[in-house]
Amino acid sequence: MTANVAVETTPETPVWNDPSHPVSARVDALIGAMTLEEKIAQLYGVWVGASANGGEVAPHQHDMEEAVDLDALLPAGLGQLTRPFGTAPVDPALGALSLLRTQSRITSANRFGIPAVAHEECLAGFAAWGATAYPVPLSWGATFDPDVIRRMAAAIGRDMRAVGVHQGLAPVLDVVRDARWGRVEETIGEDPYLVGTIGTAYVRGLESAGIVATLKHFVGYSASRAGRNLAPSSVGPRERADVLLPPFEMAIREGGARSVMHAYTDIDGIPAAADESLLTGLLRDTWGFDGTVVADYFGIAFLKTLHGVVGDFADAAGAALEAGVDVELPTVKTFGAPLVEAVTDGRVPESVIDRALRRVLTQKAELGLLDRDWNPLPPAFDGADLDDPESLRGTIDLDGPENRELAREIAEKAVVLLTNDGTLPLDRPRRIALVGPNADEAAAVLGCYSFPQHVGVKYPDMPVGIELPSLRDSLTAEFADAEITVVRGTGIDDGDLSGIAEAVDTARDADIVVVALGDRAGLFGRGTSGEGCDAESLALPGAQQQLLDALLDSGTPVVTVLLAGRPYALGRAVADSAAIVQAFFPGVAGTRAVAGVLSGRTAPSGRLPVSVPNSAGSQPTTYLGARLAQASEVSNIDPTPAFGFGHGLTYTTFAWSDLTVDAEEAPTDGEFTASLTVRNTGERPGTEVVQLYLHDPVASVVQPVQRLVGYARLDLEPGEERRVRVTVPADVASFTGRDGRRIVEPGELELRLAASSTDARLTATVTLTGPVRRVDHTRRFHAEFAVED
């Protein structure tokens with residue numbers, strides 16, 4: 001089927017290839033010249049793997065899909081290339097050459113010369129062999145520092161662009177609702193404001209490098225029942241509107257994200273991939289999003305195979321397109337022959353093809369991929385000899401000194417000191433017993449979407465590609481004069497008790513015990529954390545609690561170190577450990593960051609992005625609970641956390657004082673301004689994180705007892721004090737009312753200036769006056785902090 005539309009062209013340059021024309025005119029002209037098959041070809045990807053010797057990519061044979069014949073597909077064109085670098089270990093330079101040659105093949109094969117968009121995962125760094133593995137998003141949240149995450153994302157984006165990649169499948173903006181969910185490590189935390197601000201910073205950084213940021217998973221994936229991956233989500237409209245959606249609103253409006261990935265899940269029986277009210281009504285018509293919506297991998301086919309809302313793949317394609325999905329990923333399944341047949345027989349109108357195609361081609365035009373002088377040569381190959389592939393090997397460094405310095409800065413800012421009886425920092429111990437399954441495991445700092453854990457585990461004979469010091473290595477370097485004895489004690493999840501006696505004997509002979517516990521990241525049951533690695537409870541996996549309890553009985557002070565992807569209940573260790581240090585998969589510099597905190601070389605400054613439970617079986621719960629979610633006399637289950645959201649200790653002390661409020665009343669379209677003084681009253685430099693929580697004592701619908709609406713990091717020298725001023729717009733008190741509309745209500749509010757959700761230091765009571773006011777996605781999102789010089 002061909003749609004013939006008259007277009008203006010010159011003999012030299014068709015309109016669609018001429019950047020002097022408006023993008024809309026170029027896209028319209030191109031759509032008008034395309035056949036149905038050519039249109040549809042731009043709406044799907046093919047999963048490929050770069051050649052290890054620099055040749056063209058080969059289709060990746062995934063166990064969920066049939067083989068793909070590139071020779072048959074390419075004459076019609078190709079919308080996307082899926083993970084050329086993230087499918088198998090390939091030298092970055094040879095991977096870039098392979099991608100270049102494949103793009104040349106794609107453009108030569110289709111009559112319009114349109115290249116594909118190449119996308120990659122970049123959740124904790126560019127997921128390619130030899131690329132820096134940064135801390136996971138849960139550690140980003142622990143920094144409470146959007147600027148450093150923006151700089152990290154910009155560095156990731158530059159590396160991706162340097163080798164020819166256009167789109168990154170990050171960040172994850174799911175808000176943690178149940179810490180048993182395996183993908184908690186991929187999230188930024190349990191508070192929508194923290195997720196929104198940190199996630200938006202990541203988007204800004206990635207987009208600044210020219211990479212299309214993809215927000216995922218839209219929406220409700222993290223609210224699955226019992227924390228099971230890909231389970232139904234039980235979410236009411238207000239929880240969706242007030243907890244799950246705000247990070248996406250912020251990242252689109254303030255971050256400029258150009259792509260959104262639909263979630264796998266269904267809410268109240270409607271799968272996200274077929275939810276027109278979500279993907280078109282809310283996302284586009286209300287929020288004004290004009291980018292592309294891409295499918296989560298195999299998500300369109302799942303409408304038939306998992307959700308059962310359509311009878312065949314053609315209807316799955318039609319349902320997704322009607323809802324607002326533009327691109328099928330990771331490979332062609334429903335948008336190929338089934339969709340051509342559905343349009344031909346009238347089941348799917350060609351207009352929905354054109355609507356999606358317009359978005360896809362607009363983005364390609366904005367990326368320069370439709371320009372006549374577009375060149376697949378990536379920046380990294382400027383001046384290189386492409387005819388000698390072996391001469392290129394090793395010439396592209398994706399783990400350079402600037403990357404590793406950023407990874408170090410984030411890891412150090414993300415380490416959270418949970419308890420400390422004064423044992424830390426360690427004072428030149430002579431004998432250290434280093435015990436536990438993560439004591440000498442280099443990969444203990446990596447999340448499941450890092451290349452070594454996501455792909456590299458399938459290639460055990462291939463070098464890991466990056467320097468990964470274990471905690472043993474880092475403690476040996478940090479405490480060069482100490483005798484360090486390493487005993488495993490037990491495995492991560494094998495339940496082995498046979499090594500505990502040796503561990504206790506070693507502990508008794510030491511001055512201090514450092515026990516390294518936590519997770520092993522993996523996929524679909526290969527780990528204790530990661531996609532498809534959900535937990536039945538928040539007890540430490542395997543026999544780790546038994547090991548910990550035995551060490552606490554040894555008589556030697558125990559410093560508990562957690563290298564994990566989620567928070568765990570720690571039992572008696574909460575009270576009996578000399579100190580507890582929490583690190584959420586902190587990346588290549590993670591063990592050095594932990595060692596630096598233990599020695600005092602680094603002052604701990606991380607804060608919890610998720611609550612640490614007191615009981616292993618109290619889930620699901622987060623600090624955002626309403627009054628009925630708190631401990632009470634009518635239930636024997638106490639959900640009170642051992643350590644609340646926002647908690648984190650330092651090696652100094654701070655005094656908060658002199659709270660003033662400029663005016664205690666403001667209209668529902670006004671704002672309040674409060675000021676306070678924070679002073680470092682200790683003898684060491686330190687970082688305080690001033691957190692502002694809002695408490696609404698009387699509202700027309702049930703509200704959380706408190707919620708975060710702003711924060712600021714303060715680095716203070718001993719004796720230094722700073723005056724902090726915070727402007728609080730009435731908009732941050734908004735919530736979804738009984739009629740489903742977002743409103744600001746008049747009434748009394750508490751502004752709680754706090755060191756954590758469980759440690760309010762200063763409270764101001766203020767009042768909003770006037771009528772109930774409606775607000776929308778253009779509302780002010782932030783309580784703005786200013787630190788006076």
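Everything below is about the structure printed above this text.
Residues numbered from 1 in each chain as written. Predicted model: local features only at pLDDT ≥ 70, side-chain atom pairs only at ≥ 80, totals over all residues. Heavy atoms only, no water.

A tally of helices and strands in the protein yields 22 helices and 28 strands. Computed over C-alpha atoms, the radius of gyration of the protein comes to 27 Å, within 12% of the 28 Å expected from 2.2 N^0.38 for 789 residues, which places it in the range of a compact globule. Considering only C-alpha atoms, the protein reaches an extent of 80 × 70 × 50 Å along its principal axes. For the protein, with 789 residues in total, the buried portion stands at 64%. Pairs at least 24 residues apart make up 79% of the contacts formed inside the protein by residues separated by at least 6 positions. The average position of the 65 basic charges and that of the 108 acidic charges among the side chains of the protein differ by 2 Å. (Helix = DSSP H or I, 4+ residues; strand = E, 2+ residues; numbered from the N terminus. Rg over C-alpha atoms; globule rule 2.2 N^0.38 Å. Buried < 20%, exposed > 50% of the residue type's maximum accessible area, 1.4 Å probe, protein only. Contact = heavy atoms within 4.5 Å. Lys, Arg positive; Asp, Glu negative; His and termini not counted. Charge placed at Lys NZ, Arg CZ, Asp CG, Glu CD.)

Here the focus is the pairing of strand β6 (residues 212-218). In summary, the side chains of a regular strand alternate between the two faces of the sheet. When you tally the buried positions in β6, you get 7 out of 7 residues, the bulk of the element. Bridge analysis of strand β5 (residues 167-168) against β6 gives 2 bridges, and the strand direction is parallel. Bridge pairing in β6 links Gln167 to Val212. With helix α7 (residues 192-208) bridging β5 and its parallel neighbour β6, the resulting β-α-β unit is right-handed. Bridge count for β6 against strand β7 (residues 259-262) is 3 bridges, and the pairing is parallel. Bridge pairing in β7 links Thr214 to Ser259. (Pairing = 2+ DSSP bridges. Right-handed = clockwise from strand over helix to strand, strands pointing away.)

In total, this model carries 15 aromatic pairs according to the counting rule given. Summarising the aromatic geometry, the rings of Phe218 and Phe248 are spaced 5.0 Å apart at their centres and angled 65° between planes, so their arrangement reads as edge-to-face. Here Phe218 is found in strand β6, whereas its partner Phe248 is found in helix α9 (residues 246-253), with 30 residues between them in sequence. Ring geometry for Tyr623 against Phe645: centres 4.6 Å apart, planes inclined by 5°, an arrangement best described as stacked. Remark: Phe645 occurs in the loop between α22 (590-599) and β17 (654-661) and Tyr623 occurs in the loop between α22 and β17; sequence separation between them is 22 residues. A single burial state applies to Tyr623 and to Phe645, both of which are buried. Every member of this aromatic cluster is reached through a ring pair, and the members are Phe144, Tyr193, Tyr623, Phe645, Tyr693 and Tyr711. The ring of Tyr449 has Lys216 lying over it, and the distance from NZ or CZ to the ring centre is 5.7 Å. Positioned above the aromatic ring of Phe313 is the side chain of Lys304, whose terminal nitrogen or guanidinium carbon lies 5.2 Å from the ring centre. (Phe/Tyr/Trp six-rings, centres within 6.5 Å; stacked < 30°, edge-to-face > 60°. Lys NZ or Arg CZ within 6 Å of the ring centre and 35° of its normal.)

Here we have 3 strands laid out as an open sheet, ordered β23-β24-β27, and antiparallel in their pairing. The open sheet has two edge strands, β23 (735-736) and β27 (773-774), and neither has a second partner. The sheet contact formed by β23 and strand β24 (residues 742-744) spans 2 bridges and is antiparallel. Bridge assignment links Phe735 to a residue of β24, and that residue is Ile743.

Turning next to the environment of Gly542. Secondary-structure assignment places Gly542 in the loop between β14 (512-518) and α20 (544-552). The contact partners of Gly542, leaving out residues within four places of it in the chain, are Ile492, Asp493 and Gly495.

This brings us to helix α18 (residues 471-478). Side chains of residues three or four places apart in an α-helix project in the same direction, reflecting 3.6 residues per turn. Those residues of α18 not exposed but buried are Leu471, Ser474 and Leu475. When α18 is viewed along its axis, its buried side chains cluster within an angular range of 95° and face the same direction. Structurally, α18 contributes buried residues whose contacts are with β12 (431-435), β13 (483-487), β14, β15 (558-564) and α22. (Arc of directions from axis to C-beta.)

Contact geometry for helix α8 (residues 237-244) and α9: axes closest at 5 Å, N-to-C directions at 40°. With respect to α9, the element α8 is oriented oblique. Each of Arg240, Ala241, Asp242, Val243 and Leu244 in α8 lies in contact with α9, whose residues at this interface are Pro246, Pro247, Phe248 and Glu249. Residue classes in the contact of α8 with α9 are distributed as 6 nonpolar, no polar and 3 charged. (Axes fitted to C-alpha atoms, helices over the stretch in contact; angles between N-to-C directions. Parallel < 35°, antiparallel > 145°, perpendicular 65-115°, else oblique. Nonpolar A, V, L, I, M, F, W, Y, C, P; charged D, E, K, R; others polar.)

Once that is clear, we can look at the sheet that holds strand β19 (residues 671-680). The pairing of strands in a sheet happens through backbone hydrogen bonds and is either parallel or antiparallel. If you trace the 4 strands from one edge of the open sheet to the other, you get β17-β19-β22-β28, paired in antiparallel fashion. Two strands close off the open sheet at either side, each with one partner strand: β17 and β28 (784-787). Adjacent strand axes in the sheet meet at a mean angle of 20°, parallel and antiparallel pairs treated alike. Pairing between strand β22 (residues 721-729) and β28: 4 bridges, direction antiparallel. The residue of β28 that forms the bridge with Val726 is Phe785.

This part covers the pairing of strand β25 (residues 747-756). Counted residue by residue, β25 has 7 buried out of 10 residues, so it is predominantly covered. Pairing between strand β20 (residues 686-695) and β25: 5 bridges, direction antiparallel. Bridge pairing links Gln691 to Ala754 in β25. Relative to strand β26 (residues 759-769), β25 runs antiparallel, the two being bridged by 9 bridges. What sits directly across from Glu748, in β26, is Thr767. Counting the residues that bridge the hairpin from β25 to β26 gives 2 residues.

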